[in-house]
Amino acid sequence: MARTPRHQPGLPSREQILEFIEQSKEPAGKREISRAFGLHGSDKIALKALLKDMADEGLIDGRKSAFHKLGGVPRVTVLKIVDMDGNQLVAVPERWEADGIPLPKLRVVERGRKGALGIGDRILARTEEAGKGWLAHPMKKLAKASEQILGVVEESDNGRFWLKSTDKKARFDIPLFEIGEAQPGDLVLAELGGRAGQKKARVTDILGDPFAPRSFSLIAIHKFGIPFEIPEEVEAEALHVSKLPVTAEKREDLRHLPIIAIDPRDARDFDDAVWATPDDDPKNPNGFKAIVAIADVSYYVRPGSALDREAAKRGNSVYFPDRVVPMLPHALSSDKCSLRAGEDRAVLACHMQVDAGGQVTSWRFTRAVARISANIPYQDAQDAIDGKCEHPMLEPALKPLWACWKLLKKARDRRNPLELNLPERRITLDDAGRVVGVAVRDHLDAHQLIEDFMIAANVAAAKALEEKKSPLIYRVHEPPAREKLVALKDYLKTFDLEFALGQVVRPSTFNAIIDKVQDHDEILPQIMEAVLRSQTQAYYTPQNAGHFGLALGSYAHFTSPIRRYADLIVHRALVSAYDLEMPAPQDGSIRPVTGLSTRDFERLDVTSEMISRAERRAMEAERETTDRYVAAFLAAQIGEIVDVRITGVQNFGFFATVESIGGDGLVPVSTLGAEHFLYDEASQTLTGDDSGDAYRPGMRIKLRLAEANPVSGALRFELPEGGSYAPARMPRPAGVKHKGKHMAGKRGRPANIRHQGRKRR
């Protein structure tokens, strides 16, 4: 039976309370309402009952400190940024208690530097209703929602439940005070709570079996918040635009040319295809004409459309061994935009003229229709060129491409870009998704050929847009920072390698260092890794600062618009600069513009920052997932002796990676024996006081694989004669000998370590 609403003469009415809450510029709680209506004594008690009734009736939320009208938004609240509309970010309340009322979307009004906020950020904001919508004025950027953690439920002997994090860096398990319907062994999302030092967690979402096929990538998707499910309206729009006609009526017809695509054998989408032939222009003796044909994604993904907004939010496709999380729906990414052999495809073609010295002397861009003659795996193309097999495209396509590439390679060698041939791991799965092999990918001339053609086209796109005075998003790689060069100098000195800080640093500077150790297999990998660590991270920006690693003054990403939003923006800029706009159907079912819109131009800074973040997120997710697959593959070898290479040494132990497979594992110093070890920071070496045994980066040794955890991707090694480890939840030993500015007994340092070296800054 419904209660009769209570209302006393001295109390404000429901309507008056709602009006006050809506108009209050400050959070309106019971105290503020009492003060506003001059309530005292028993009236305050009656107000409390009235507010409870209003909450039960669905008029306001049930909070006590700051009420708000249900269906409305608190004046000051925590929001999470979830989308971008035009050049404005869109946020939603982090908590929403109005059952049956749609979650409101607020347009974020940024002040100061655009791009400081991005999708996934949490903000404390002041809100206001404006017309039929809501605005959010950020007051403070909050820390990421660290209360969420991904892990596996474990049960101890005493019946208590623990959460074992999927993060390999986590040192302790977390007690669970509520598991719901989760069972031991389940992969779950949990919410952290409790005070510092007394963290506990509550299971909020059950994801299933962490060891099931496809779970390793699912862990990364949830951990990094990668947008996974494509909204229905976006799927519907992709299906609709995929039916747009592709004819030669308003496009250059390239279907008569033997254009081919060379890609990995397991490629999921095909962005690019190439063609070359000797140039018949007498002004270009011994030169070549070349075409790099790229999927015309801008024809289908129009500025401001639902497809465009979703692609911008994702920033890029994310590739895992078992799946791809695409930037665009499959109707486009792996179908209509994918350059599959024998099918007419819309392309944006970069026509280049290459002289005998390998310089690209001219370029032009056209919208075209192409019919790819063949999709050829790298290995097959290489085998055909090497005479190991016959291929129908050898004479018409492959040989001219290789001849043109030899010219491009000349120019590349003169430019002398940074050459870091670090191995890339390839995961092989069976039909059920289980890992059956891990190997290092071969690097063939065919790979370098495609890379050099793509670089040439990317440079041409950047320079073409600069000539047209067009805005664009550059791919920038800045020179190394001085502090990193100082650290590199100190490290190289331990190998008796000189590195002068006063010189003008170029990519060739680092190549010369690598050349000095090219014949020293033991130290070559760690020298290359040290050089890599000294480099800055590449990013996207509308302001050109050159590409240090490639030794190029202007560089943009043009060749992969299926999987990178930056390339799509460059395509739109080229469409506008070269007047390549194509009219839309007259029915108004899709947006008419395919070039760079005013909205695109206004948000280049914001877009650049967002896609740079998305790229970093994807790289971390892909790397962690590969580590999990490697750990799963090695799990069958626990207890066996494996060949490893030491990759890093710290005061607490050293890291090693399994030769030819990868996967990093730790050897804690506590397992190296009872003697004390001296840690030298400059040379990154652990040396036994008594035995003189030394462990330093680059050493190839044999270790026993003690643990391989596929859920976290962590490996653990021990010396072949065995070792022992402290339980995960036990504190580290307190008794420490230390040499330097730190006091003996410093918490967290293993008992058998002494430290020698400069203080870190």
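**Quick word on helix 1 (residues 14-23)**
Logical step 1: Taken together, the buried positions of helix 1 are Arg14, Ile17, Leu18 and Ile21. The arc that holds the buried residues of helix 1, viewed along the axis, is 95°, so those residues lie on one side. Exposed residues on helix 1 whose side chains face more than 90 degrees from its buried face are Glu15 and Gln23.

**So, the sheet that holds strand 25 (residues 653-658)**
Logical step 1: With mixed pairing, the 5 strands of this closed barrel are ordered in space as 24-25-26-31-30. Direction aside, neighbouring strands of the sheet carry axes that sit 50° apart on average.
Logical step 2: With 5 bridges joining them, strand 25 and strand 26 (residues 664-668) adopt antiparallel strand pairing. Each bridged residue has a counterpart across the sheet, and for Phe654 the counterpart in strand 26 is Val667.

**Notes on the nonpolar core**
Logical step 1: Counting 102 residues, the largest nonpolar core has Phe453 and Phe558 as the members making the most contacts within it.
Logical step 2: Examining the composition of this core, we find that 12 residues originate from one element, helix 10 (residues 445-467), more than from any other.
Logical step 3: Sequence-distant contacts of Phe453, defined by excluding residues within four places in its chain, comprise Val274, Ala276, Ala290, Val292, Met352, Leu401, Cys404, Trp405 and Leu408.
Logical step 4: The next biggest cluster of nonpolar side chains, apart from the first, holds 31 residues, and it includes Val438, Val658, Leu703 and Ala708.

**Thoughts on empty space enclosed by the protein**
Logical step 1: A complete count under the given rule lists 2 cavities of 30 Å³ or more for this structure.
Logical step 2: By volume, the second largest cavity is sized at about 50 Å³.
Logical step 3: If you go around the second largest cavity, the residues you meet are Arg268, Asp269, Ser317, Tyr319, Val324, Pro326, His330, Ser333 and Ser334.
Logical step 4: When residues in the lining of the second largest cavity are grouped by element, the largest group, 3 residues, is from helix 7 (residues 330-336).
Logical step 5: Here the lining of the second largest cavity is composed, by residue class, of 3 nonpolar, 4 polar and 2 charged.

**Details of the side chain of Arg367**
Logical step 1: Assignment of secondary structure puts Arg367 in strand 18 (residues 360-371).
Logical step 2: The exposure class assigned to Arg367 is buried, which follows from its relative accessible area of 4%.
Logical step 3: A distance of 2.8 Å separates a polar atom in the side chain of Arg367 from a polar atom in the side chain of Asp296.
Logical step 4: Excluding anything up to four places from it in sequence, Arg367 contacts Arg251, Glu252, Asp296, Ser298, Tyr299, Val347, Leu348, Val575, Leu580, Glu581, Met582 and Thr594.

**A word on unusual backbone geometry**
Logical step 1: Of note, Asn416 is a non-glycine position whose phi angle comes to about 55°, a positive value.
Logical step 2: Considering the arrangement of structural elements, one finds Asn416 in the loop between helix 9 (394-415) and strand 20 (425-429).
Logical step 3: One non-glycine residue, Asp496, lies in the positive phi region at around 60°.
Logical step 4: On the secondary structure map, Asp496 appears in the loop between helix 11 (482-493) and helix 12 (507-516).

**Describing the packing of aromatic side chains**
Logical step 1: If you walk through the whole model with that rule in mind, you get 11 aromatic pairs.
Logical step 2: Pairing Phe499 with Phe510 gives two aromatic rings, centres 6.1 Å apart and planes at 25°, and the pair type is stacked. Within this pair, whereas Phe499 is found in the loop between helix 11 and helix 12, its partner Phe510 is found in helix 12, the two being separated by 11 residues in sequence. Like Phe499, the residue Phe510 is buried in the burial classification.

**Some points on the pairing of strand 7 (residues 161-165)**
Logical step 1: Of the pairings in the sheet, the one linking strand 6 (residues 148-155) to strand 7 comprises 5 bridges and is antiparallel in character. Paired with Val152 across the two strands is Lys164, which belongs to strand 7.
Logical step 2: Linking strand 6 to strand 7, which pair antiparallel, is a turn of 5 residues; within it Gly159 sits at a positive phi near 85°.
Logical step 3: Across 2 bridges, strand 7 lies against strand 8 (residues 174-178) in antiparallel orientation. Considered in strand 8, the bridge of Trp162 is made with Pro175.

**Looking at the pattern of salt bridges**
Logical step 1: Counted under the stated rule, the structure contains 40 salt bridges.
Logical step 2: Salt-bridge contacts for Arg367 lead to Asp296; the nearest nitrogen and oxygen are separated by 2.8 Å. Here Arg367, found in strand 18, pairs with Asp296, found in the loop between strand 14 (288-295) and helix 6 (306-314); they are 71 residues apart in sequence, far enough to count as distant. Both residues of the pair, Arg367 and Asp296, count as buried.
Logical step 3: Arg475 serves as the salt-bridge partner of Glu615, at 2.7 Å between the closest nitrogen and oxygen. Of the two residues, Glu615 is situated in helix 16 (residues 604-634) and Arg475 in strand 22 (residues 474-476); the sequence distance between them amounts to 140 residues. For the pair shown, Glu615 and Arg475 are each scored as buried.
Logical step 4: What emerges from the salt-bridge pattern is a single network uniting Asp308, Arg572, Arg599, Asp600 and Arg603.

The rules behind the values
Residues numbered from 1 in each chain as written. Predicted model: local features only at pLDDT ≥ 70, side-chain atom pairs only at ≥ 80, totals over all residues. Heavy atoms only, no water. Buried < 20%, exposed > 50% of the residue type's maximum accessible area, 1.4 Å probe, protein only. Helix = DSSP H or I, 4+ residues; strand = E, 2+ residues; numbered from the N terminus. Arc of directions from axis to C-beta. Pairing = 2+ DSSP bridges. Axes fitted to C-alpha atoms, helices over the stretch in contact; angles between N-to-C directions. Core = buried A, V, L, I, M, F, W, Y, C linked by side-chain atoms within 4.5 Å. Contact = heavy atoms within 4.5 Å. 1 Å grid on protein atoms, 1.4 Å probe; cavity = no way out; pocket = protein on both sides within 12 Å on 5 of 7 lines; lining within 4 Å. Points joined across faces, edges and corners; volume = space filled by probe spheres on them. Nonpolar A, V, L, I, M, F, W, Y, C, P; charged D, E, K, R; others polar. Polar contact = N/O pair within 3.5 Å; in protein donor to acceptor, adjacent residues only side chain to side chain. Phe/Tyr/Trp six-rings, centres within 6.5 Å; stacked < 30°, edge-to-face > 60°. Salt bridge = Lys/Arg side-chain N within 4 Å of Asp/Glu carboxyl O.

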